[in-house]
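# Reading the structure
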Amino acid sequence: MAATPILEAPAGVAVTTAGVTVYTNASVDRRKIVRVAFVNIDGVNDAALSYCRFVDAAPSGSFGILPVNSKVAKLDGLFVTKTLDPGDSITAAASVNGDIEATVEIIGSEAV
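Here's what I pulled together on the structure shown here. (Residues numbered from 1 in each chain as written. Predicted model: local features only at pLDDT ≥ 70, side-chain atom pairs only at ≥ 80, totals over all residues. Heavy atoms only, no water.)

## Topic: the nonpolar core
- Val15, Val22, Val36 and Phe38 are the most contacted members of the largest nonpolar core, which totals 23 residues.
- Mapped by element, the contributors of at least two residues to this core are β2 (20–24), β3 (30–40), β4 (47–56), β7 (77–84), β8 (89–94) and β9 (100–111). (Core = buried A, V, L, I, M, F, W, Y, C linked by side-chain atoms within 4.5 Å. Buried < 20%, exposed > 50% of the residue type's maximum accessible area, 1.4 Å probe, protein only. Helix = DSSP H or I, 4+ residues; strand = E, 2+ residues; numbered from the N terminus.)

Below is the structure:
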């Protein structure tokens, strides 16, 4: 099986207890398929994603894309793949500051 080509890989973002926007599709005319890795970079303690949400730019709002309080074991990760239309985003919050980092890979893109 061939590896999925990575079209773009924005810099990683620290996921905080206050919550952060992990990625927003800023394109006005491209739908993007993103793969997000939530990695616990703490070599000592487990942590949890308090939430991971898909935020729809259309009026339909937001919804969870991973279970609330998903455990991320030390030096391990959780992965999610999602299609984002223009303006859509992914947000997340962690149980502890400094333990979880999110890295985004753009693995597909098409005109809308």
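Structure's up, so let's keep going.
## Side note on the sheet that holds β9
- Pairing is antiparallel across the open sheet formed by four strands, whose spatial order is β1-β9-β3-β7. Only two strands of the sheet have a single neighbouring strand rather than two, namely β1 (13–15) and β7. Shown here is a sheet whose adjacent strand axes are inclined to one another by a mean of 30°, direction ignored.
- Where β1 and β9 come together, three bridges link them in antiparallel fashion. Looking at the pairing, Val15 lines up with Ile100 of β9. (Pairing = 2+ DSSP bridges. Axes fitted to C-alpha atoms, helices over the stretch in contact; angles between N-to-C directions.)

## Looking at the packing of aromatic side chains
- On inspection of all chains with the given rule, the structure shows one aromatic pair.
- Seen from the ring of Tyr51, Arg53 lies directly overhead, with NZ or CZ sitting 4.0 Å from the centre.
- Sitting over the face of the ring of Phe54, Lys82 holds its NZ or CZ atom 4.5 Å from the ring centroid. (Phe/Tyr/Trp six-rings, centres within 6.5 Å; stacked < 30°, edge-to-face > 60°. Lys NZ or Arg CZ within 6 Å of the ring centre and 35° of its normal.)

## So, the pattern of salt bridges
- Applying the stated criterion across every chain, the model contains four salt bridges.
- Of the charged contacts in the structure, one is a salt bridge between Asp85 and Arg31, with a shortest N-O distance of 2.6 Å. You can see Asp85 sitting in the loop between β7 and β8 and its partner Arg31 sitting in strand β3, a full 54 residues away along the chain.
- A relative accessible area of 26% places Arg31 in the partly exposed class.
- One salt bridge in this structure joins Asp46 and Lys71, with 3.2 Å as the shortest N-O distance. Pair noted here: Asp46 is in the loop between β3 and β4 and Lys71 is in strand β6 (residues 70–72), with a separation of 25 residues, a long-range link.
- Salt bridges here are not isolated pairs; linked through shared partners, they connect Arg31, Asp85 and Glu110. (Salt bridge = Lys/Arg side-chain N within 4 Å of Asp/Glu carboxyl O.)

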